[in-house]
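Breakdown of the fold
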Amino acid sequence: MQGKLIDGKAIAERVKKEVECDIEALASRGIKPGLAAVLIGDDPASHIYVNGKAKACSQMGIVSEVIKRPAETTAEELHRLIGELNERKDMHGILIQSPLPKHLDELEAVLNVNPLKDVDGFHPVNVGYMLLGSPIFLPCTPYGIVRLLDETDIDPKGKKVVILGRGNIVGKPLAAILMQKWDGCNATVTVCHTGTVDIAAETSRADIVVAAMGKPKFLTADMIKEGAVVIDVGVNRVPDAGAPKGYTICGDVDFEACRQKASWITPVPGGVGPMTIAMLLHNTVRAAMLQSD
Ligand code: GUN
């Protein structure tokens, strides 16, 4: 079997069309959504991600401001900046790009963000609402994955989903979402991590495998069952002397091999990545709506 591609780019365009309608509705009330992205330090990948997010905003008519600060920024300076953004009426969403430099505490930083502006859904208040099944904002990557499945007519209800990785940005919130008694969720979820004794034993029984642990080509064909759905969240830079930039990008899945066994599979790039951005736009417009009501 040659698995079919889940085209994240095309599905993201569909989401953006919906977001455009909401932006027009807001414009008729004189409201233009705004997103402030805070980028501390000089992690090259973070710069690429944040610039991509800002570009997507400007293409949609969302005002975006990328606030760059040096790696030496102190906790006090960051907290003052977040406080200022909380007060700004023109910035409905605040995003603090992760990872922060080591001396800055991510939880402490996000605790300073007004939960109604927390378009990443990372504030403990938003994490709590999500877990309780009454979300204000769902984190963008997990939200995008659920939407990818829905748009592909893959219903996780009653299915065994195995998530590789327990990070706060993808693994944990995705597990919390997919276990909810909602349409498009209602799955039996297993989360594998460094403490899991036999990961292949789990993945080989899964109907849907989501790889989000940040290890290049970790999920191999022998680890999945015939007809599985494979979602690859990984974006890994692998040194490649022959490549123009000296590296190539690959996911957490051995794509070519897994495709031969999967029913559906996401590519990297062009799978989950565009959906993360689309859901961020969705959340930013939602923030503008919530703040204007
Ligand atoms: N770093 C990697 N993914 C994300 C994300 O979705 N939001 C933020 N703020 N930082 C990230």
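Our subject is the structure listed above.
I will try to describe carefully the structure that is included in this document.

So, how was this worked out
- Residues numbered from 1 in each chain as written.
- Predicted model: local features only at pLDDT ≥ 70, side-chain atom pairs only at ≥ 80, totals over all residues.
- Heavy atoms only, no water.
- Helix = DSSP H or I, 4+ residues; strand = E, 2+ residues; numbered from the N terminus.
- Rg over C-alpha atoms; globule rule 2.2 N^0.38 Å.
- Buried < 20%, exposed > 50% of the residue type's maximum accessible area, 1.4 Å probe, protein only.
- Contact = heavy atoms within 4.5 Å.
- Lys, Arg positive; Asp, Glu negative; His and termini not counted.
- Charge placed at Lys NZ, Arg CZ, Asp CG, Glu CD.
- Near = heavy atom within 4 Å.
- Polar contact = N/O pair within 3.5 Å; in protein donor to acceptor, adjacent residues only side chain to side chain.
- Areas by Shrake-Rupley, 256 points an atom, 1.4 Å probe, with all protein chains shown as cover.
- Nonpolar A, V, L, I, M, F, W, Y, C, P; charged D, E, K, R; others polar.
- Salt bridge = Lys/Arg side-chain N within 4 Å of Asp/Glu carboxyl O.

1. Overview of the overall build of the chain
Broken down by element type, the chain carries 10 helices and 11 strands. The globule rule puts the C-alpha radius of gyration for 293 residues at 19 Å, and the 19 Å found for the chain is close to it. In terms of principal-axis extent, the alpha carbons of the chain reach across some 55 × 45 × 35 Å. Per-residue burial over the chain gives 48% buried out of 293 residues. For the chain, contacts bridging at least 24 residues in sequence account for 71% of all contacts bridging at least 6. Positive and negative side-chain charges in the chain, numbering 32 and 36 respectively, have mean positions lying 2 Å apart.

2. What to know about the site of the ligand
In the vicinity of the ligand, the contacting residues are Lys53, Leu95, Ile96, Gln97, Ser98, Asp120, Phe122 and Ile169. Measuring from a nitrogen atom of the ligand, one finds a side-chain N or O atom of Gln97 at 3.2 Å. Between the ligand and the protein, one listed contact pairs a nitrogen atom with a backbone N or O atom of Ser98 at 2.9 Å. In isolation the ligand has 280 Å² of accessible area, and contact with the protein removes 84% of it. In terms of residue class, the shell around the ligand is built from 4 nonpolar, 2 polar and 2 charged.

3. Notes on the side chain of Asp252
Tracing the chain through its elements places Asp252 in the loop between strand 10 (247-250) and helix 9 (255-259). No salt bridge is formed by the buried Asp252; its nearest oppositely charged neighbour, Lys215, is found at 9.2 Å. A distance of 3.1 Å separates the side chain of Asp252 from the backbone nitrogen of Lys215, its partner in a polar contact. Side chain to side chain, Asp252 and Asn236 meet in a polar contact 2.8 Å long. When neighbours within four sequence positions are excluded, Asp252 is seen to be in contact with Ala211, Ala212, Met213, Gly214, Lys215, Pro216, Lys217, Phe218, Leu219, Asp232, Gly234 and Asn236.

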